[in-house]
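Fold and geometry: a report
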There are 2 protein chains.
Amino acid sequence: MGIKASPTAVLQYGDHGGAVGYLVGEENRGLEYMFIMMNAARFAVGVQGIAIAERAYQKAVQYARDRVQSRPVDGSLNAAAPIIHHPDVKRMLMTMRATVEGCRAMSAVAAAAYDAAHHHPDADVRKQNATFYEFMVPLVKGYSTEMSLEVTSLGVQVHGGMGFIEETGAAQYYRDAKILTIYEGTTAIQANDLVGRKTARDGGNTAKAIAAQIAGTEAELRASGSAHAVAVAQRLAAAREAFVDVVDFIAANTRANPNAAFAGSVPYLMLAGNLMAGWQMGRALLVAEREAAAGRDVPFMQAKISTARFYADHILSRAPGVRDAIVEGHAGVTEMAVEAF
Amino acid sequence: MGIKASPTAVLQYGDHGGAVGYLVGEENRGLEYMFIMMNAARFAVGVQGIAIAERAYQKAVQYARDRVQSRPVDGSLNAAAPIIHHPDVKRMLMTMRATVEGCRAMSAVAAAAYDAAHHHPDADVRKQNATFYEFMVPLVKGYSTEMSLEVTSLGVQVHGGMGFIEETGAAQYYRDAKILTIYEGTTAIQANDLVGRKTARDGGNTAKAIAAQIAGTEAELRASGSAHAVAVAQRLAAAREAFVDVVDFIAANTRANPNAAFAGSVPYLMLAGNLMAGWQMGRALLVAEREAAAGRDVPFMQAKISTARFYADHILSRAPGVRDAIVEGHAGVTEMAVEAF
């Protein structure tokens, strides 16, 4: 598969004359210490997913500008065109771009909360930010890396047959990315953390406080009144309502019917990550509209607005279906006898 | 990447002393002749996607029965259990299983129509079956191979770190499968065929005739009255309505606004393939209920029923969101300036 330049090795101590162990820190706190590293590593692996997805996007754009094949479907050119002119290639590139921008914004907001959790002068603000950051870590790790599989796969797809062979480099991202949903805790382990420690433990309060903030962004988008802002507000509201339904389901079932709750754990993570990324895209759209109106960086701001609209219609629109799978679809998972597989 | 045992070679004629070309068949009909082979090849590549997905499923089930890690979340065992007992592992295996069964049933129904199109004594029945088969070919090819990427990725995921290295064989399926969405016409080429020749050309009539047949299956499911049949009928109805909306959109826009229509081409293919596979799962559920009631092969029939229910809740439930992306989401694709990527 991938990450072939990673200097991974097995270190085995004690084969020749024994090895000496030293106690680091206090006894029985090793797991707790380890998790300081592990939580940082989880966030970092999420960023690794975003980084590889961004590089896959850049390479795909470059290839799509260069590779000439087929006439445009709108008849605008009576000759073969660079494939970036074809609607499905644009759709693939937009999916890659919007996913990267959404996940990157989500990770940046989480990182800012981490800083505030450690350095804000007000203890209450520190605590709020710590809680928010802790909720976001499994989403940054789980959602960004799962989505990096989709993005790097599209990167190969944009290249066609040239992407499947190694020459272009697109295949390497696809092969490398698959480790990201596995190491430093698989997506299912992130989802267990999200369900247990981050949602059920406080009865869904943190999740619902974030949902209330998202509703605030929806109101700002509706107040803006532009067609794009209103459309994004509508998708955001549908995704937020789906999220709240799922949070209620998870909080009610984690103890009462743990098999049903955990059958929905990864879909819940994907829905929550999608919503958080889509929320940041909505916030970005509001800023971009203001900046464009003030005449600053207009082409950049227009691209940001189009990308936010795309994210809402093509990615955030997946959320209500995921809600149905979790809240109404656990029987299909739990009732299947282990022997029947 | 993959298919390393495929004896692919470049054949170059004429380097040493020239080469002789022979006319095969009639002049100017070469492309037409080639497409007889190509249409057979497209169906066959779809089946290749189903085959590799089935093998990935079998291997993942085998590993999940063997690998012991963590206690069950329902407290049913006070020791680590084989991972097949964990709800998310069951969910992944069910996703793999349901996808394979749905796509396999879809391809079998298409193959039966091909036989009837060639060998039925009644010319009208032959024509109906030919039209149905032609509609199904891009779905069997496009949907089954796109889904084989998801299934083989889950196959690696079930294996965890053991799946990323080559030892288990799970990674090979993931690497091999990626060519299937590319060769014998990429998914976008299948989708162009679906939009142009298979939908717009007859104003969506074939697509809608199939939708009417699906509504008939929904009625049978509702008449059965079992909780699973009624739930499947509900998802099938939602997916069918989404499909009909998209067919109307595609038929209305393929000439009027081709960029908007083709921006939704691959999502339309995925929605249509999902619906056709889900429809066959609904039909299979009806047969399985009758067989189980008659006491025949009861555990097999129960597994078939659970798998159909899973397909409906976890996979068919994606369809309405895809409709929104196509019908309401083309602006985010078409308005992005090529220079802005």
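The written sequence of each chain sets the order in which its residues are numbered from 1. All chains are assigned letters beginning with A, and all ligands numbers beginning with 1, in the order in which they are written. This being a predicted model, a pLDDT of at least 70 is required before a residue's local features are given, and a value of 80 or more before pairs of side-chain atoms are given or counted; all residues contribute to the totals for chains, interfaces and linings. Note: side-chain values were computed over all heavy atoms of the structure, leaving out hydrogens and water.

A closer look at helix H3 (residues 123–159) of chain A
Residues and elements named next belong to chain A. Test applied: Think of it this way: any DSSP run of H or I at least four residues long counts as a helix, any run of E at least two long counts as a strand, and we number them from the N terminus. Given the number of residues in a helix, its expected span is that number minus one, multiplied by 1.5 Å. Two axes enter the bend calculation: one fitted to the seven residues ending at the residue in question, the other to the seven starting there, and the bend is the angle between them. Working definition: with a 1.4 Å probe on protein chains only, accessible area under 20% of the residue-type maximum means buried, over 50% means exposed, and in between means partly exposed. For this analysis, a polar contact is any N or O atom pair within 3.5 Å, provided that within protein one partner can donate a hydrogen and the other can accept it, and provided that sequence-adjacent residues contribute only side-chain to side-chain pairs.
Over its 37 residues, H3 extends 51 Å from the first C-alpha to the last, a length consistent with the 54 Å expected when each residue adds 1.5 Å. In the structure, H3 departs most strongly from a straight axis at Met136, where the bend amounts to approximately 30 degrees and where the proline Pro138 lies between one and four residues downstream. Most of H3 is tucked away, with 27 of its 37 residues classed as buried. Capping the start of H3, Asp122 holds a side-chain oxygen 2.8 Å from the backbone nitrogen of Asp124, two or three residues further along.

Details of helix H1 (residues 30–66) of chain B
An ideal rise of 1.5 Å per residue puts 54 Å on 37 residues; H1(B) measures up with 54 Å between its terminal C-alpha atoms. In the structure, H1(B) departs most strongly from a straight axis at B:Ile36, where the bend amounts to approximately 25 degrees.

Looking at a nonpolar patch on the surface
All names here are of chain A. Here is the rule we go by: Within the patch definition used here, like charges are joined within 9 Å and nonpolar side chains (Val, Leu, Ile, Met, Phe, Trp, Tyr) within 5 Å, considering only residues with over 30% relative accessible area and no salt bridge. Here, Shrake-Rupley sampling with a 1.4 Å probe gives the accessible areas, and only protein chains in the shown set may cover a residue. We define a salt bridge as a contact between a side-chain nitrogen of Lys or Arg and a carboxyl oxygen of Asp or Glu at a distance within 4 Å.
The grouping of Leu31, Met34 and Met37 at the surface amounts to a nonpolar patch, some 290 Å² of accessible area in total. Tracing the sequence through the fold places Met37 in helix H1 (residues 30–66). Given a relative accessible area of 46%, Met37 falls into the partly exposed group.

Some remarks on the domain arrangement of chain A
Residue and element names in this part refer to chain A. This is how the line gets drawn: Throughout the structure description, domain borders are defined by an automatic or database domain assignment. Any two residues having at least one pair of non-hydrogen atoms within 4.5 Å are treated as being in contact. Buried area: the accessible surface (1.4 Å probe) lost by two parts on joining, summed over both. Only Asp, Glu, Lys and Arg are considered charged, only Ala, Val, Leu, Ile, Met, Phe, Trp, Tyr, Cys and Pro nonpolar, and every remaining residue, Gly among them, polar.
According to the domain assignment, chain A contains domain 1 (32–185) and domain 2 (202–326). Placing the centre of domain 1 and that of domain 2 at their C-alpha centroids yields a distance of 18 Å. Counting residues at the interface gives 23 residues for domain 1 and 24 residues for domain 2. Here domain 1 meets domain 2 over a buried area of about 1900 Å², counting both sides, of which 77% is carbon and sulfur. Sorting the residues of domain 1 by area buried against domain 2 places Glu101, Phe135 and Tyr143 first, and these three jointly supply 30% of that buried surface. In this structure, the connection of domain 1 to domain 2 is made through 2 salt bridges. Note that Glu150 and Arg318 form a salt bridge whose closest N and O atoms lie 2.8 Å from each other. Taken together, the elements giving at least two residues each to the side of domain 1 that touches domain 2 come down to helix H2 (87–119) and H3. The element best represented in the side of domain 1 that touches domain 2 is H2, accounting for 12 residues. When the residues that make up the side of domain 1 that touches domain 2 are grouped by side-chain class, the tally is 13 nonpolar, 5 polar and 5 charged.

Side note on the interface of chain A and chain B
Counting from both sides, the interface comprises 69 residues of chain A and, opposite them, 69 residues of chain B. Of all residues in chain A, A:Met1, A:Phe164 and A:Phe341 bury the most surface against chain B, accounting for 14% of the area lost on that side. Taken together, the connections running from chain A to chain B amount to 4 salt bridges. The salt bridge partner of A:Arg235 is B:Glu328, with a shortest N-O separation of 2.6 Å.

Remarks on the relation of the copies chain A and chain B
Put simply, the test is: Superposing copies: least-squares fit, C-alpha atoms only, residues required to have pLDDT of at least 70 in both.
Overlay of chain A on chain B (RMSD 0.1 Å): rotation 180 degrees, translation along the axis 0.0 Å. Here the two chains are linked by the operation of a two-fold rotation axis. Of the interface residues in chain A, 100% have counterparts in chain B that sit at the interface too, so the contact is made through matching surfaces.

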